[in-house]
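# Summary of the model geometry
One-letter residues, chain by chain:
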Protein chains: 2
Amino acid sequence: MLATFRVRAARSPAAYRAFSTSVRRADRAIVYAKNGEPPSVLRAVSYPPLEAPKPGTINVKYILSPINPADINVIEGVYPAKPSPDASLQSRMDGPVFVGGNEGLAQVTAVGSDVKGLSEGDWIVPIAPQSGTWITSRNLALSDVVRVPRAEGLIEAGAAMLTVNPPTAYNLLHDFVDLKPGDWVLQNGANSAVGQLVVQIAKAQGWRTINFVRDRKDFGKLVDEMKGLGADAVFTYDDLADKGLRDTVKELTGGKPISLALNCVSGPVTSNMARYLSAKPPTKPHLVSYGAMSKQPLSLPTSLFIFKDLVSCGFWQSRWYKTHSKEEKEELISKVANMGLKVPKHEIIEVGGEGASDEEVSQQIQDVVRRVVEGNVGGKVLLKVA
Amino acid sequence: MLATFRVRAARSPAAYRAFSTSVRRADRAIVYAKNGEPPSVLRAVSYPPLEAPKPGTINVKYILSPINPADINVIEGVYPAKPSPDASLQSRMDGPVFVGGNEGLAQVTAVGSDVKGLSEGDWIVPIAPQSGTWITSRNLALSDVVRVPRAEGLIEAGAAMLTVNPPTAYNLLHDFVDLKPGDWVLQNGANSAVGQLVVQIAKAQGWRTINFVRDRKDFGKLVDEMKGLGADAVFTYDDLADKGLRDTVKELTGGKPISLALNCVSGPVTSNMARYLSAKPPTKPHLVSYGAMSKQPLSLPTSLFIFKDLVSCGFWQSRWYKTHSKEEKEELISKVANMGLKVPKHEIIEVGGEGASDEEVSQQIQDVVRRVVEGNVGGKVLLKVA
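Conventions adopted
- Residues numbered from 1 in each chain as written.
- Chains lettered and ligands numbered in written order.
- Predicted model: local features only at pLDDT ≥ 70, side-chain atom pairs only at ≥ 80, totals over all residues.
- Heavy atoms only, no water.
- Helix = DSSP H or I, 4+ residues; strand = E, 2+ residues; numbered from the N terminus.
- Rg over C-alpha atoms; globule rule 2.2 N^0.38 Å.
- Buried < 20%, exposed > 50% of the residue type's maximum accessible area, 1.4 Å probe, protein only.
- Contact = heavy atoms within 4.5 Å.
- Areas by Shrake-Rupley, 256 points an atom, 1.4 Å probe, with all protein chains shown as cover.
- Buried area = accessible area lost by both parts, 1.4 Å probe.
- Salt bridge = Lys/Arg side-chain N within 4 Å of Asp/Glu carboxyl O.
- Nonpolar A, V, L, I, M, F, W, Y, C, P; charged D, E, K, R; others polar.
- Least-squares fit on C-alpha atoms with pLDDT ≥ 70 in both.
- Pairing = 2+ DSSP bridges.
- Axes fitted to C-alpha atoms, helices over the stretch in contact; angles between N-to-C directions.
- Parallel < 35°, antiparallel > 145°, perpendicular 65-115°, else oblique.
- Patch = residues over 30% accessible without salt bridge, like charges linked within 9 Å, V, L, I, M, F, W, Y side chains within 5 Å.
- Lys, Arg positive; Asp, Glu negative; His and termini not counted.
- Charge placed at Lys NZ, Arg CZ, Asp CG, Glu CD.
- Polar contact = N/O pair within 3.5 Å; in protein donor to acceptor, adjacent residues only side chain to side chain.
- Expected span 1.5 Å × (residues − 1).

Attention shifts here to the overall build of chain A. When helices and strands are counted, chain A shows 15 helices and 17 strands. Taking 21 Å as the expected radius of gyration for a compact globule of 386 residues, we find that chain A reaches 22 Å, a close match to that expectation. Taking the principal axes of the C-alpha coordinates as reference, chain A spans close to 70 × 45 × 35 Å. Expressed as a percentage of its 386 residues, the buried residues of chain A come to 56%. A separation of at least 24 residues holds for 76% of the contacts in chain A among residues at least 6 apart in sequence. Working note: accessible area of chain A is about 16,500 Å², and carbon and sulfur atoms make up 50% of it.

This is the structure we're talking about:
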C-alpha cells in the first residue's frame, strides 16, 4: 500500500561476478534488437562516455527508471506505441537497437549553449514517449524533457514515477467532467497505483470517491488503507453486483447524480458500475477507461447511451503528451510533484556497477525482468543502471 | 423503400359499422388509462368541440399522426419518456387518462390573442414530447409547436414524420464530428427509416456513406434502392464480420480515416463496425447509438477507447428538444422540411369517422395497433383520427 513505502536493498551484483569475463567501467544501456519475451531478448551494452552536449541539448544521468507493465508489452511488441531505434547505439550493434523504458528520473550533468531554464544538477523527466530510460546516461533535446521541481517531500522514487501515473490520475479527474466540490466519483481497480492516486487527488480537491476492488481475505485492512488515503467508501465487486447497493449509495450521496466513473478493469464489473452514472444536461455522465485488467471487453446496455446520455471514452497519458504543449506538460508535472502524493510501494534494483561485464549485466536484467513478469516483486521496480 | 412511396387506401370504416350501437359526430382521442399491451388498453373517447383558444394558444386539427415503435413502448410503460395525463379529458373519465402518440402534423384552426407568426391554415408539428397526437383536435400552447414551412414537394405524410426521424438523421451527422466534404460515415441498420434519411442527408452535404444491412434474398435489389438514395457502398453484416472487408474499405476510402459510425443495432455487428473507426487528434472517432434492434448490449474492446480515443455515446431526439431553444427547433424543422427528403413507405389508416360509436372506434384502433405490433403493415402507419 501507498500509506507506507519501503525501499528494499538491491540484489548484490556480487552474485553475478562469478560469471565475469572482463572487468571494465562503462555507461550501459538495456536494449533489445527484436520483440519477444523480455527475459530472452533483453541485453546490456556498454557505450563510451557522452560527448559535450550540442546547442539546445542536455546530458543527463538517470537516477531511477520504473519498469512499468506497459514497458514489458512494448518489448513484447504488443503495445500500440513503438519506440524508434536508438541512433547513437546503432553504430555499435548489428542493425537497429531499442532501449527499454518510457519513464524515469534523471539529473542534468551538462547543458549545451542556448539552453535556458535548466542547470547542472537539476532533476528532469523525459516527456517524449518511449525515449528509452533504462540507461546510465543520455543526450536529450531540451524539447523532450521537463524540469521536476524539488518539491518538499518529493523523494527520488516518487519523482521517477511522476510522468505516467500521477498525471493519469490527475487528468482522469479533470479532463472529462467539470466536478464541483462535494461531487462523487466512482472507480474500479481502486487499489491500483493510479487508483490510489485518484483517491488522494480527489480528496485534495474536495471530491468524494466510491471505490470498488476485488474481494480478498484482508478486505478490512484494505478498506482501512484506502480510507487512510482519503477514500470515502470501499466496496467489493460482489457488493457492486448486488442491487441492494443502490440504497447504500443513495444514502451515501444523498441522491446526488454521479457523473464520472473511472475504469481499469472492464467486463461485467464495469457494466454494473456504469448503471450508477447519471447527470443533468448539459453535463453528460462519463465512463473513462484507462485499463482493462479483466481482459474482457466493455459491454454496456445501449439504453444508457441513448436515454442517459452516457459517454464511454478512454484516456491514454501518452496521447496527452503528444497533443499538449511543453508549457502544459511542465505545468502538469509541476502540479502533481507539489501535491504531496504518497509514493507507491516499490523496490529499487541496481544492475551493472563497476567491474561487471556486459554479459553479467545482461544476466542481471534478465533475472530482474523475469521476476517482474512473474509478479515476484515487492511493488513497482525502479531500475538503476549503474 | 423510400425511392417510391405509396399510399394505401385506409381500411373502410364500413367493416366496423355493423357493430355500431349509436351514431354521433364527435372529435375523438385514442387514450389509455394504464400501461399494458396496446391492443388491450387503448380505447377511443369522444369529447366536445374545443372552445376558442386562450391568449398565447392555438387550436389545431390533426391531419396525420405516425404510430412509431416508441409510441408502443410508451403505452407498454417500458419507455423512459412518460406522458402527463391529459387534463382536459380527465374530467370526462374515471381518473387520469393519457393520449397516445408523440408526433404528428396538424393544421391551425384558430389562434388566440398574442399569437404571432401563426395563422389559420398553417401547418404545425408539436415539439413538446409525448403531447398526445392520436386525437382529432387540440388546444396547444404556442411554445409547444413549430410551424412547418409549405416546402416544395413536402406532402402531408412527409410533414407528419418531420419531428423525429429527419432531425435524428440530421443531428447524428452534425452534432458529433465536424465532417468535411468527401468524409466517410459508417452506419448499420442502414435501411431503417433513419438510416435511409442519413444516406440522403449525407449525400446532400457531400459526405459518403458505407452502409451495413442484414443479408437477405433480395440483397441486390436493396443495394440498388440504397444507391438510388445516394449510398456509396452497401455491405451485409456477414461481409463486416470478414476481415477481408478491410482491404475493400481501404480501397474505397483511399485509406482516409473514418471518424463517425451510427448504430441502431448493437451486438457483435457494432463491435465489428467500431474497429473501422479512427481519427487524427483533436478529432475523436465517434460511435453514436440511437437504437439497439438486436436487443444485445454494445460490447467493445477497451483498447479502442484507450489507444484509438474512441468515444461511444448516444443520441435521443427527445433530449435534443428538451435542451434546445424554440428558435433552434424551428430552424432544424425548417431545414429538414426543405431538404426534399424522400418520404418513407407508409400506410394511412383512418379511424373513427361520421356515425361511428366510441366502442366501434376503440375496436378499430385496437385492430390497427395489433397489426403494427405484429409487423403486419405496409410501412409506417399514419393515423387519421377522423
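Another point: the interface of chain B and chain A. Many authors give the size of an interface as the accessible area that is lost as the parts come together. Taken together, the contacts link 30 residues of chain B with 30 residues of chain A. Buried area between chain B and chain A, summed over both chains or domains, comes out near 2,200 Å², and the portion from carbon and sulfur atoms is 63%. Here chain B and chain A share 2 salt bridges between them. Notably, a salt bridge pairs Arg 319 of chain A with Asp 309 of chain B, separated by 3.1 Å at the nearest N-O pair. For the side of chain B that touches chain A, the secondary-structure elements that each account for two or more residues are strand E14 (298-300), helix H12 (302-307) and strand E15 (311-314) of chain B. Residue classes in the side of chain B that touches chain A are distributed as 17 nonpolar, 10 polar and 3 charged.

Take chain B, turn it by 180°, move it 0.0 Å along the axis, and it overlays chain A with an RMSD of 0.1 Å. Both chain copies can therefore be described as sitting about a two-fold axis. Taking C-alpha positions as reference, the residue of chain B nearest the rotation axis is Ser 299 of chain B, located at 2.0 Å. Taken as a fraction of all interface residues of chain B, those also at the interface in chain A reach 100%, which identifies the copy contact as same-surface.

Attention now moves to the sheet that holds strand E4 (residues 98-99) of chain B. Residues and elements named next belong to chain B. One open sheet holds the 3 strands; their spatial order is E2-E1-E4, and the pairing between them is antiparallel. Every interior strand has two partners, whereas the edge strands, strand E2 (43-47) and E4, have only one. Inspection of the sheet shows strand E1 (residues 27-32) paired to E2 by 5 bridges, in the antiparallel sense. Among the inter-strand pairings, Val 31 is bridged to a residue of E2, identified as Arg 43. Strands E1 and E2 of the sheet are contacted by helix H15 (residues 358-373), whose axis makes an angle of about 140° with E2.

A few words now on unusual backbone geometry. A cis geometry characterises the amide bond from Pro 281 of chain A onward to Pro 282 of chain A, with omega recorded as 10°. Inspection of the secondary structure puts Pro 282 of chain A in the loop between helix H11 (268-274) and strand E13 (286-289). Positive phi, close to 60°, is recorded for Ser 266 of chain B, a residue that is not glycine. Here Ser 266 of chain B shows up in the loop between strand E12 (260-263) and helix H11 (268-274). Phi at Asp 309 of chain B takes a positive value of approximately 60°, unusual for a residue other than glycine.

In this section: the packing of helix H6 (residues 165-174) of chain B against helix H14 (residues 326-337) of chain B. Residues and elements named next belong to chain B. Packing of H6 against H14 brings their axes to within 10 Å, and their N-to-C directions diverge by 100°. When the interaxial angle is binned, H6 and H14 end up roughly perpendicular. Listed contacts from H14 to Pro 166, Pro 167, Tyr 170 and Asn 171 of H6 are Leu 332, Ile 333, Lys 335 and Val 336. Partitioning the contact of H6 with H14 into residue classes produces 6 nonpolar, 1 polar and 1 charged.

Quick look at the pattern of salt bridges now. This model, assessed by the stated rule, comprises 22 salt bridges over all chains. Two residues, Asp 358 of chain A and Arg 28 of chain A, come together in a salt bridge whose shortest N-O distance is 2.7 Å. With Asp 358 of chain A in helix H15 (residues 358-373) and Arg 28 of chain A in strand E1 (residues 27-32), this pair connects stretches of sequence that are 330 residues apart. For the pair Asp 358 of chain A and Arg 28 of chain A, one class covers both residues: buried. With a closest N to O distance of 3.3 Å, Arg 370 of chain B and Asp 367 of chain B form a salt bridge. Note that Arg 370 of chain B and Asp 367 of chain B are positioned in helix H15 at a spacing of 3 residues, about one turn of the helix.

Residue and element names in this part refer to chain A. Together, Lys 243, Arg 246, Arg 275 and Lys 308 make up a positively charged patch on the protein surface. Its location among the elements puts Arg 246 in helix H10 (residues 245-253). Assessed through its relative accessible area of 42%, Arg 246 is described here as partly exposed.

A separate point is the side chain of Asn 211 of chain A. All names here are of chain A. If you trace the backbone, Asn 211 turns up in strand E10 (residues 208-213). For Asn 211, the side chain forms a polar contact with the side chain of Gln 187, separated by 2.8 Å. Among all residues touching Asn 211, those that are not within four sequence positions of it are Gln 187, Ala 190, Val 199, Met 226, Ala 231, Asp 232, Ala 233, Val 234 and Phe 235.

This part takes up H15 of chain A. Residue and element names in this part refer to chain A. Along its 16 residues, H15 runs 22 Å from first to last C-alpha, staying within 8% of the 22 Å computed at 1.5 Å per residue. Within H15, 12 of the 16 residues are buried, which leaves it mostly tucked inside the rest of the structure. For H15, the set of buried residues is Asp 358, Glu 360, Val 361, Ser 362, Gln 364, Ile 365, Gln 366, Asp 367, Val 368, Val 369, Arg 371 and Val 372. Two residues or fewer after H15 comes Gly 375, characterised by a positive phi angle close to 75°.

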